Structures are given as structure tokens and as C-alpha cells.
Number of protein chains: 2
Amino acid sequence: MEFRLEHTDGLARAGSIMTHHGLIPTPIFMPVGTQGAVKAVEPRELEEIGARIILGNTYHLYLRPGRDIIERAGGLHGFIGWRRPILTDSGGYQVFSLSDLRGIEEEGVTFKSHLDGSSHTFSPERVVEIQRVLGSDIMMVLDECNPYPCDEAYAFRSHALTLRWAGRCQNRMAQTSPAYGANQSLFAIVQGSTYPAIREQSARALVAMDFEGYAIGGLSVGEPAELMYMMTGLCTAILPASKPRYLMGVGTPENILEAIARGVDMFDCVMPTRNGRNAVLFTRRGKLNMRNAVHTADLGPVDPDCTCYTCRSFSRAYLRHLFKAGEILALQLASIHNLAFYLWLVRSAREAIAERRFAAWKDSLLAALAAEPVISIP
Amino acid sequence: MEFRLEHTDGLARAGSIMTHHGLIPTPIFMPVGTQGAVKAVEPRELEEIGARIILGNTYHLYLRPGRDIIERAGGLHGFIGWRRPILTDSGGYQVFSLSDLRGIEEEGVTFKSHLDGSSHTFSPERVVEIQRVLGSDIMMVLDECNPYPCDEAYAFRSHALTLRWAGRCQNRMAQTSPAYGANQSLFAIVQGSTYPAIREQSARALVAMDFEGYAIGGLSVGEPAELMYMMTGLCTAILPASKPRYLMGVGTPENILEAIARGVDMFDCVMPTRNGRNAVLFTRRGKLNMRNAVHTADLGPVDPDCTCYTCRSFSRAYLRHLFKAGEILALQLASIHNLAFYLWLVRSAREAIAERRFAAWKDSLLAALAAEPVISIP
């Protein structure tokens, strides 16, 4: 993997990540395909709307379908039919949030599967080995993600454990090779809850270990947005300019713009697909709830400035009808549009940074996004 | 509308129906879009797999979203974003099967909506007027569809009513014009349950009234397949060679082949999409249940002879994983494939008829379809 920083505008950055499976322009939003599928969206549709990299989840894919079949398929790319880059989360977050957690020890974490109750252990070495089998372009270290709020003493001990685990992941990474001949990179994860001193210590220690990229984890877990922005800025001030920076699980369009302004390059979030399935559609002029009666006779597109299949082909009235009628097509069209919107957002941010007009563009877009939704009935 | 009979091979026919929205080669299978959407399949995907005409349902669309918004959109084509021909069922079948039926009178049928309990009346004139607003290329008369088994005296009285209603539909058709300048045709529906004498009488009376096409209704409602075939053959022997023939709600691939052999031109059925959503996939060598463990490590396509997106891009193992994981993408990929299979079936039948090898092709395909499903693990 190679990261090239191409433009800066204030703290905002535009760059490119070169991987075996293709180039990722940054800032980038990564659609979430937890179980090896982005919900209700086909891989060819992801390509069509400009997705350059998608996420998979080690915890989920390890439990189902399991490593054997993915290995037989030549890795996750082959198994799911996605040719472009893939980032896999280590599964640490899911072990803590989904499974029946049985114990966090120095060695690793023991849990029972949320699917069948079977017992498993994830050690730092094991999650590297599993991600070798998945064949993801970007792998994540095993970390402990703290809830919010979190006791300071616990947050400190937890960060120290995450740090030791990061070192063990790095060691196992060096001892192993890509399973399918395609280069894989390992990103570290800065933790430290909302404590500036712990965040700084975490970031400095990981930087000293020289990872290929750095994620900021443990945010967007319920803390106020201002705290998220503060922690993010504090981390990016320490992280090296020459490595990509990934803010995990974030967030709203507003969150993403503020994080780009603080020097973040990569994002993932289930919000565009989950909101879409709940009939909430993002537009350049605020969110729309497609179930609202106001859309009943609105023959205009969801977002007149959007070029996605949904906006090119269908009206708000038809989308509302599909949601009211319980048609699966509603979920498909809404998910396509919301992902297209998020990808437009990061593409436009990149252009604005390259042209050194990011701050003004961001302020004007934030004002538009916060406005009352525009109703398009003629 | 113009129907051109191009080839015959025994009783099997190949032809073309010319409509304002395009040509329909026959035999044809019509994907079902009851509520203005084919479940889990996008209009562009229907075009890709070769769908030439889809179905809409007058009962459903009248209740939701209602005529006003469809009229404002310039008809159903504009509302749902489908440029090719549409056939709308009159809704008679749904009034009897879905609604809280309040009475069948000479004048029409009174029912309460299955959605909100509101009261409505469908008369023969009214369903023509509604279908004028829908703007479908092919409209259906209001009929009474008998259950199976059905008392002979009831079946006779019912057929007589359906006949009088057909006449009233035809009259109202003559008194009204297409709402959007695009020619619309009206098809009659032969009824008579499984009583040959009533079926013959129904068919002869409708033929004498000179409709633009003829449907055979009231079959595939639980009767043995042999009875269905017998009734079908009895009707097609009476229906004029110069008009298209539509066997409503049929059926399995085997049913369709047998009906084509008896001179039927058009089919519709929810089976490919409904079975697909239930993980049952059709192949040229029998059906597969994608949830079965035998597919766990099968990296071959669902049907190696199929050229659809699903078969070109994904393995049986991945489809099984998607179904097991509850991913919406499973429903999309299965529905695309099953509809592609049905459309391949009728296209291949058409070619075989044109080359006068239909009987041999049909026998060989029937044998393959009835075989044990072929497992493709290497």
C-alpha cells in the first residue's frame, strides 16, 4: 500500500491510497458490507455510484460463512464478487457489542457467538491470521472499544492493553504473508475514550510503532459531537501526515465534513443504508422522510442535483408508494441514493480541498443540510 | 395492438404483439408487478434479462397509490418508470381473494379494502375506466374467478355473469379513449371452472364478441395439472388463431411448456419471484434450495448455462451465505435469476417453434427439469 498526500487546505487533506485492488481517492466513504454484502445494493451498483472501497467484518465473516469457504474462493474479493479494495474491521467492536462476552484477558478475548452460542477466542495474532485468509487490502488490529462514558482508570488500562495488542498484531503481520499474493496493510487504532491525555499517549505510542495507517476508534459511541471533534483533532495533530487516517463508524454528513476539516481521510458508517431502509433519504438540502404524506403527489426526484439511478428514474411519490406498500424495491432505491449521496459528499470535499476552497464549501453545505427539507411539489 | 402469428409447430405458436410501448414476442412470460413494482427487481434489471411486458394489478393500484397520482404521472408507465408494455389485471381475482367481499350483484361487486376497510364498488364499466387511467397497453375485463372445486350450477351462473360483464366492459371501452394518446386493448377472460361444456360455451360466446385477445382464467387454482391442460386445450381449440391467448396465473416451467404445446401465447405467475425469495432457484437441470448445506462450499454458479447477472457474478456458496445471513441481496439475486430463467424458457420455446422442433425440445427439457438437481461441487 502506498499513500500519496496530494493537496492540503487548512488541515483538510486530499490524497490517494494505492492498493493491489485499485486506487482509493481520499477523503473517502466506505460502504459497510458487514456480512460480505452491502445491504440491498449489488456490487455493480456500488461501482456505478463510485464506491472505491467497502468494509467487511472479521467477527461476522469468521462466524459465518467461516474461513474455509472464503479461502477456497480465493479470499473475500472472490467470494463476494467485489474487485475493488476491501477493508476488514478486526471484529473487536462486535465481540464487545454483539457476542456474549466471557472475558478480556491479556491473551485476548473469549466470547460466545451471537449466532449459535459456540465459544471462540480472538487473540491479536488470531485476528491477523483470519484477515490474512479474508485477503482484505486493509486489515485492522484487535482493540478494545470503550463505551461512553467510561471511567478514566478503565480507559487508561484499556488503552494500554490495546497498545500491547497492536504490537502483537504487528509482529504476527510480519511473520505471515498475504494468502493470495496481494499486498495487505495493517492499520492501528487510537483509543483513550474522551480523555485527551490518554488519546495523546495512545496516538504517540502507535505512531512510534510505525503502522501503515491509523484509525481513530471509540468515537461516535454516544458522546457529544463537540467531544468527538475535539478528540479527532487532537489525534490528527499527532498522527503523521504521510499516513492515511480513518475515523471509525462516523457518521452523519455533518460529522464527516467536520472530521475532514480536522484532517481525517477515511470514513465508514451504516447510516446511509440503515436510514435508507427506514425511508430517511439524504439530499443536498436536508433529509426527507419518504413516508411523509407531503410526498404523495410529488413527481420530482428525491434530490434534483443527484445523478444516481434512483434520482434519474423515479419520483418521490413513487418512492413513498413503494415504502407504504412494503416493496423491497424501496429499500434498494433508497440505499443506492443514500450511498450515492455520501460518495458525492466525499468526492466534492476532495475537489474543494484540491481547489483550496474547502472551508467555504463546507460552511455553505452545512447551512444547506441544516435547512428545512425542500418540498418539490410544483 | 396488432398480433402477428409467425410460426406454428403442432399447436404451439410463435408470434408478435405490437403495442404503443413496443413489441412483445410470443410465447412470453410476464413478470408480476402487482403494486407497481416487481418484487426486489429494478426496472433496468427487468430490461436486462429480456422482460418485454410486465403486469400491474387494478385492485391494488386503485386502492394504493390511487388513480390521482398515477394520472398526474401520465399513467402507470410514467409512475413506475417502465417504458415497455404493461398488462393490467382487472382486479376481479383480488376482489374475491383479498378483500372483505360484500356482494356480487349484476351491477358489479362491492368489497371492503384489505388495507383500511373502506368500501368500494367495481362494476365492469368502472374497471375499464380505472384501467384507462392506468394507461396499460392490455386491459382485462372484470370477471368472476371460481374456486376449485366449484359446483356446476354455480360455475354456469358465474360464467354467464362474466359474459355479461365482458359485454359491458367492451361497451365502455368503445365509449372511452386512451388517457395519454397510447392505444389500449381489452382482453376477455374465458371461465367455466373444470366443466368442458361451460368452458366451450364461454369461449364461443366471447369469440363471437370479437375481443382483441383472450385469456383463460380460473385455472391453476388447485385443480390437478391434467385438468388444467385439458381445459386449456379445449379453450385454445375454440379461440381464433389470429388473436393472442393468455393463460392467467400459470405457472411452473412444466405448466408453461404444456400450455405452449396447447397453443397458449402469454403467461404470468408470481412463482419465479416468490420461490426466489424463499431460496428456491430454477435451473435447466431442476430446482435448487439454496439454504441446503450441500451448497456450502459450491463455488459454481446457480445455473452454468444461465447468462444472468447472478450466474455471471456469484457462486451457489455465496447465495447460500446471503440467505443464511438474511441479506436482502439474496432476494434480489434470486429474483433476477428466476425471472431470467422463465424468460429464457419462453425465448427458447419461441426459437424451437420457429425451427419446428418444439416437441422434441420440450420433451428433453421436461426430462432435465424433472431430474434430481445437479450439484456442482468439483
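Owing to the predicted nature of the structure, the values given are computational and were not obtained by experimental measurement. (Residues numbered from 1 in each chain as written. Chains lettered and ligands numbered in written order. Predicted model: local features only at pLDDT ≥ 70, side-chain atom pairs only at ≥ 80, totals over all residues. Heavy atoms only, no water.)

1. Looking at the confidence of the model for chain A
- Averaged over chain A, the pLDDT score is 96; the fraction of residues at 70 or greater is 98%.
- This complex was scored by the predictor with a pTM of 0.98 and an ipTM of 0.98. (pLDDT = per-residue confidence, 0-100.)

2. Considerations on helix 14 (residues 328-354) of chain B
Residue and element names in this part refer to chain B.
- Between its first and last C-alpha, helix 14 extends 39 Å over 27 residues, near the 39 Å set by a 1.5 Å rise per residue.
- Among the 27 residues of helix 14, 22 are classified as buried, and the element is accordingly described as predominantly covered.
- R356 lies just past helix 14 and shows a positive phi near 50°. (Helix = DSSP H or I, 4+ residues; strand = E, 2+ residues; numbered from the N terminus. Expected span 1.5 Å × (residues − 1). Buried < 20%, exposed > 50% of the residue type's maximum accessible area, 1.4 Å probe, protein only.)

3. As for helix 15 (residues 358-370) of chain B
- Its 13 residues give helix 15 of chain B an end-to-end C-alpha distance of 18 Å, which sits within 8% of 18 Å, the value for a rise of 1.5 Å per residue.
- On its buried face, helix 15 of chain B is in contact with strand 1 (2-9), strand 2 (12-19), helix 10 (253-261), strand 15 (280-283), strand 16 (286-289) and helix 14 of chain B. (Contact = heavy atoms within 4.5 Å.)

4. Some points on the interface of chain B and chain A
- If you look at the interface, chain B gives 41 residues, while chain A gives 41 residues.
- Across the chain B/chain A interface, buried area totals approximately 3400 Å², and carbon plus sulfur atoms make up 57% of it.
- Among the residues chain B hides against chain A, the three largest losses belong to R44, H321 and E327 of chain B. Together they make up 17% of the total.
- Its salt-bridge partner being E327 of chain A, residue K39 of chain B comes within 2.8 Å of it at the nearest N-O pair.
- Applying the counting criterion to the chain B and chain A interface returns 18 residue pairs in polar contact (both at pLDDT 80 or more).
- Counting only elements with at least two residues in the side of chain B that touches chain A, the list comes to helix 1 (43-48), helix 3 (67-72), helix 4 (76-80), helix 12 (309-313), helix 13 (316-324) and helix 14 of chain B.
- Looking at the side of chain B that touches chain A residue by residue, the classes come out as 23 nonpolar, seven polar and 11 charged. (Buried area = accessible area lost by both parts, 1.4 Å probe. Salt bridge = Lys/Arg side-chain N within 4 Å of Asp/Glu carboxyl O. Polar contact = N/O pair within 3.5 Å; in protein donor to acceptor, adjacent residues only side chain to side chain. Nonpolar A, V, L, I, M, F, W, Y, C, P; charged D, E, K, R; others polar.)

5. Observations concerning the sheet that holds strand 4 (residues 28-30) of chain B
All names here are of chain B.
- Read from one edge of the open sheet, eight strands run 4-14-13-12-11-10-6-5, paired in parallel fashion. In the strand order of this sheet, the two ends are held by strand 4 and strand 5 (54-57), each with one partner. Across this sheet, the average inter-strand angle for adjacent strands is 25°, counted without regard to direction.
- In terms of strand pairing, strand 12 (residues 213-216) meets strand 13 (residues 245-247) through three bridges, oriented parallel. By the bridge assignment, I216 is partnered in strand 13 with L247.
- The strands touched by helix 9 (residues 225-238) within the sheet are strand 11 (185-190), strand 12 and strand 13, with strand 12 carrying the most contacts at an inclination of about 165°. (Pairing = 2+ DSSP bridges. Axes fitted to C-alpha atoms, helices over the stretch in contact; angles between N-to-C directions.)

6. Here's the deal with the sheet that holds strand 9 (residues 119-122) of chain B
Residues and elements named next belong to chain B.
- With antiparallel pairing, three strands are arranged side by side in an open sheet as 7-8-9. Only two strands of the sheet have a single partner each, and these edge strands are strand 7 (100-104) and strand 9. Along the sheet, successive strands turn relative to each other by an average axial angle of 20°, direction set aside.
- Pairing of strand 8 (residues 109-112) with strand 9 involves four bridges; the strand directions are antiparallel.

7. Points about unusual backbone geometry
- The omega torsion across V250 of chain A and G251 of chain A is -5°, close enough to zero to call that bond cis.
- By the element assignment, G251 of chain A lies in the loop between strand 13 (245-247) and helix 10 (253-261).
- Here T26 of chain B and P27 of chain B are connected by a cis peptide whose omega angle stands at 0°.
- Locating P27 of chain B in the fold gives a position in the loop between strand 3 (22-26) and strand 4.
- For S193 of chain A, which is not glycine, the phi dihedral falls at a positive 50°.
- Relative to the elements of secondary structure, S193 of chain A occurs in the loop between strand 11 (185-190) and helix 8 (196-208).
- Among the residues examined, S193 of chain A registers a relative accessible area of 4% and is labelled buried.

8. A closer look at the pairing of strand 9 (residues 119-122) of chain A
- The two faces of strand 9 of chain A differ: H120 and F122 of chain A on one face are buried, but S119 and T121 of chain A on the other face are not.
- What sits between strand 8 (residues 109-112) of chain A and strand 9 of chain A in their antiparallel hairpin is a turn of six residues, with G117 of chain A showing a positive phi close to 75°.

9. Some details on the environment of M266 of chain B
All names here are of chain B.
- Mapped onto the elements, M266 comes out in strand 14 (residues 266-268).
- We classify M266 as buried; its relative accessible area is 0%.
- As a C-alpha pair, M266 and V250 span 16 residues in sequence and 9.3 Å in three-dimensional space.
- Apart from the residues within four sequence positions on either side, M266 is in contact with I17, I28, M30, L87, I138, F187, P244, R245, Y246 and L247.

10. A look at the pattern of salt bridges
- In the structure shown here, the tally under the stated rule is 44 salt bridges over all chains.
- R102 of chain B is the partner of D100 of chain B in a salt bridge, and the nearest nitrogen-oxygen pair spans 2.6 Å.
- One salt bridge connects R168 of chain B with E107 of chain B, and the closest N-O pair in it is separated by 3.3 Å. Separated by 61 residues along the polypeptide, R168 of chain B in helix 7 (residues 152-175) and E107 of chain B in the loop between strand 7 and strand 8 bring together distant segments of the chain.
- Taking relative accessible area as the criterion, E107 of chain B reaches 49% and is therefore assigned partly exposed.
- Among the charged side chains, a salt-bridge network with shared partners connects E42 and R44 of chain A together with E45, E48 and R312 of chain B.

11. Observations concerning the environment of Y342 of chain B
All names here are of chain B.
- Within the fold, Y342 resides in helix 14.
- With 60 residues separating them in the primary sequence, Y342 and F282 have C-alpha atoms 8.5 Å apart.
- Ignoring sequence-local partners within four residues, the contact set of Y342 consists of F29, G251, T252, P253, I256, M271, P272 and F282.
- A polar contact is formed between the side chain of Y342 and the backbone oxygen of G251, at a distance of 2.8 Å.

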